[in-house]
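Read off the chains here:
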Amino acid sequence: MGFKEEINKRRTFGIVSHPDAGKTTLTEKLLLFGGAIQIAGAVKSNKIKRGATSDFMEIERQRGISVATSVMAFEYGGKKINILDTPGHKDFAEDTYRTLTAVDSVIVVIDVAKGVEEQTEKLVKVCKMRKTPIIVFINKLDREGKDGFDLLDEIETKLGLSVCPLSWPIGMGQRFQGVYNMFEKHLNLFSPHGKQSTEDLTRIEDLSDPMLDEKVGAAAAKELREETTMIKEIYPEFDREYYLEGMISPVFFGSAINNFGVKELLDCFVKIAPSPLPRETDERIVHPDEPDFSGFVFKIHANIDPKHRDRIAFLRICSGTFERNTNYQHIRLGRKLKFSNPTSFMAARKEVIDEAYPGDIVGLYDTGNFKIGDTLTEGEILEFKGIPSFSPEQFRFVNNADPMKSKQLEKGIKQLMDEGVAQLFIKEDNGRKIIGTVGALQFEVIQYRLKHEYGASCSYEPVRLHKACWVGFDSDQARKEFVSRRKKDLALDKDGQLVYLAETAWGLKTVQESHEGVQFFYTSEKKRPEAL
Ligand code: G4P
């Protein structure tokens, strides 16, 4: 197979949802279709147990599992599909945001009864910043839930997505009969527990066909006709170009646990989802079909065995062919590195690979050379954009609790920050360190890992902070004035970038208003997204 065919074959995506909406179940069903796992439960039994946030063995177990399920690759319909796991448990971390920088599209799972929930909102905002194409799957139709139109309204208002339903449910809960697929023009009747067969599919080109009444009964048929007429009036027709630009999101309805509507979702996904997309660097746009290899690290995983300090860096290939035992330029370090055991994640097994193509994720054994966002190329100086740090939401001062181990603490904190476990800000006025995270669990994880992997102890102290904003200036004068007036609220991030620490939302607003030549950003990349 030629290089271009290899690229066109790849679909690299993530599934995002609020916990419990059904992401794990859906992932598992997709893997079953792809033959990547043989039995139901294989992914699920690995699932992070809920309510175990203070059980540290559990944290360790989770880390082990998340290496195994970080990337799941399989073949389906002639395509090579890479699912990137976006950890979505209660205390999800920035890791989740960053994984989204390595995908080309996403599927958002929404619980029909709960509608759009908080984490989904946050994750979709990140996707929208990058114009990532989004497909929505409304799950659990076997249960009573919200009205379909109300849900679509909610998706439009809360997520800001323009939707276009491609399937529509006939009843729900006890009365759930199935879905009409407007994309393929067939009726798919529901039978619980995944006993779906092709006989359940009936081709109905035109919904006035009396066969519909025979299949679902006159009342349900009437309702479906009315509702689909309304859909045609209210929602735009599906247009792949708009979807690819992130301007319209197709919506499917189904029940993951019953394996209902999942195949339709997957079939549509392989037809419409984008193959590896061009990616922006500070210098230029990199196209996947360029012959020279390039890629970036979006995730780093420490070995769960503290005796082995090696880590796995997850590299997303953006262009060219990646080859084993070949020297590549590590742009930040300014030197060549080569990898003798790069691994792929095909069919949930880790395998050493000889080559990989754009869209693929390769695991590289790392002894401390990588940080999140690092770029590898064949020599060209490039830096991929879109791997920013996001403003954390929880902050604490970190103190050394064992003065004899200050070196270990420094080293541990540095390495954990490189891994992207949390962010460190050093205050400009007194040099105190503040750790910022997206979820509160990360503080416990850091404390535990510092102790067990570095022999260092830390304690935390509360700090009243609302947001950390990166700042940019119109002029040197604006910078000077801001720095002198706001010194006590300034800090430096890991790259030495200036950050304004806002105590309250109101305070932030006032400071923004009183410094005209200063811009405030919610990501380190200094693009102004909507506030997270
Ligand atoms: P998550 O990864 O998004 O957190 O969700 P997960 O797949 O674990 O699903 C959360 C719960 O919802 C699970 O139940 C799962 O069985 C259930 N679920 C998933 N899809 C459907 C569906 O289509 N219909 C219904 N009725 N339930 C669904 P649980 O009781 O929390 O876990 P388990 O005991 O089933 O493992």
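### Topic: the overall build of the chain
(1) Moving on: Scanning the chain from N- to C-terminus turns up 14 helices and 31 strands.
(2) Moving on: With 532 residues in all, the chain has 57% of them scored as buried.
(3) Moving on: Considering only contacts within the chain whose residues lie at least 6 apart along the sequence, 72% involve residues at least 24 apart.
(4) Moving on: When the accessible surface of the chain is summed, it comes to about 22,500 Å², and 49% of that surface belongs to carbon and sulfur atoms.

### Thoughts on the environment of Glu264
(1) Moving on: Relative to the elements of secondary structure, Glu264 occurs in helix α10 (residues 262–272).
(2) Moving on: Sequence separation of Glu264 and Phe183 is 81 residues, and the distance between their C-alpha atoms is 9.5 Å.
(3) Moving on: In this view, Glu264 contacts Val179, Asn181, His186, Asn188 and Phe252; residues no more than four positions away in its chain are not counted.
(4) Moving on: A distance of 3.1 Å separates the side chain of Glu264 from the side chain of Asn188, its partner in a polar contact.

### Overview of the packing of helix α2 (residues 23–33) against α10
(1) Moving on: Interhelical geometry of α2 versus α10 gives an angle of 70° and a closest axis separation of 10 Å. One way to sum up the angle between α2 and α10 is to call them roughly perpendicular. Contacts between α2 and α10 involve Leu26, Lys29, Leu30 and Phe33 from the first element and Val262, Lys263, Leu265 and Leu266 from the second.
(2) Moving on: When grouped by side-chain class, the residues that make up the contact of α2 with α10 number 6 nonpolar, no polar and 2 charged.

### Details of helix α6 (residues 148–159)
Side chains of residues three or four places apart in an α-helix project in the same direction, reflecting 3.6 residues per turn.
(1) Moving on: Along its 12 residues, α6 runs 16 Å from first to last C-alpha, staying within 8% of the 16 Å computed at 1.5 Å per residue.
(2) Moving on: Where α6 is concerned, the buried positions are Gly148, Phe149, Leu151, Leu152, Glu154, Ile155 and Leu159.
(3) Moving on: Its side-chain oxygen at 3.1 Å from the backbone nitrogen of Phe149, Asp147 defines the N-terminal cap of α6.
(4) Moving on: Following α6 by one or two positions, Gly160 has its phi on the positive side, about 65°.

### Structural notes on unusual backbone geometry
As a rule of thumb, non-glycine residues mostly have phi less than zero, and peptide bonds are mostly trans rather than cis.
(1) Moving on: Its identity is not glycine, yet Lys131 carries a phi of approximately 55°, on the positive side.
(2) Moving on: Examined against the element boundaries, Lys131 turns out to sit in the loop between α5 (118–129) and β5 (134–139).
(3) Moving on: Owing to a relative accessible area of 58%, Lys131 belongs among the exposed residues under this scheme.
(4) Moving on: Positive phi, normally seen in glycine, also occurs at Asn325, with a value near 55°.
(5) Moving on: Following the sequence through the fold, Asn325 ends up in the loop between β16 (322–323) and β17 (328–330).
(6) Moving on: The class of Asn325 is partly exposed, set by a relative accessible area of 41%.

### Brief notes about the pattern of salt bridges
(1) Moving on: Counted by the stated rule, this structure contains 35 salt bridges.
(2) Moving on: Where Glu154 meets Lys158, a salt bridge forms, and the shortest distance between an N and an O atom there is 3.7 Å. Pair noted here: Glu154 and Lys158 are both in helix α6, with a separation of 4 residues, about one helical turn.
(3) Moving on: The structure contains a network of salt bridges with shared partners spanning Glu6, Arg10, Lys80 and Asp360.

### Comments concerning the confidence of the model for the chain
(1) Moving on: Averaged over the chain, the pLDDT score is 86; the fraction of residues at 70 or greater is 86%.
(2) Moving on: Per-element confidence in the chain ranges from a low mean pLDDT of 58 for helix α3 (residues 56–68) to a high of 98 for β5.
(3) Moving on: Per-residue pLDDT stays below 50 along residues 48–54; that stretch engages in 12 contacts with residues further than four places along the chain or on separate chains.
(4) Moving on: In the predicted structure, residues 528–532 sits below a pLDDT of 50 and forms 17 contacts with residues beyond four places in sequence or in another chain.

### Some points on the packing of aromatic side chains
(1) Moving on: Within the structure shown, the criterion is met by 24 aromatic pairs.
(2) Moving on: Judged by centre distance (4.9 Å) and plane angle (50°), the rings of Phe176 and Phe190 are tilted. In this pair, Phe176 sits in the loop between β7 (167–170) and β8 (178–181) while Phe190 sits in the loop between β9 (186–189) and β10 (201–203), placing the two residues 14 residues apart along the sequence. Residues Phe176 and Phe190 agree in their burial class; the two are buried.
(3) Moving on: In textbook terms, an aromatic cluster arises when at least three aromatic residues are bridged by ring pairs, as seen for Phe293, Phe322, Tyr328, Phe339 and Phe370.
(4) Moving on: Stacked on the ring of Phe443, the Lys or Arg Arg396 has its end atom at 4.2 Å from the ring centre.

Calculation notes
Residues numbered from 1 in each chain as written. Predicted model: local features only at pLDDT ≥ 70, side-chain atom pairs only at ≥ 80, totals over all residues. Heavy atoms only, no water. Helix = DSSP H or I, 4+ residues; strand = E, 2+ residues; numbered from the N terminus. Buried < 20%, exposed > 50% of the residue type's maximum accessible area, 1.4 Å probe, protein only. Contact = heavy atoms within 4.5 Å. Areas by Shrake-Rupley, 256 points an atom, 1.4 Å probe, with all protein chains shown as cover. Polar contact = N/O pair within 3.5 Å; in protein donor to acceptor, adjacent residues only side chain to side chain. Axes fitted to C-alpha atoms, helices over the stretch in contact; angles between N-to-C directions. Parallel < 35°, antiparallel > 145°, perpendicular 65-115°, else oblique. Nonpolar A, V, L, I, M, F, W, Y, C, P; charged D, E, K, R; others polar. Expected span 1.5 Å × (residues − 1). Salt bridge = Lys/Arg side-chain N within 4 Å of Asp/Glu carboxyl O. pLDDT = per-residue confidence, 0-100. Phe/Tyr/Trp six-rings, centres within 6.5 Å; stacked < 30°, edge-to-face > 60°. Lys NZ or Arg CZ within 6 Å of the ring centre and 35° of its normal.

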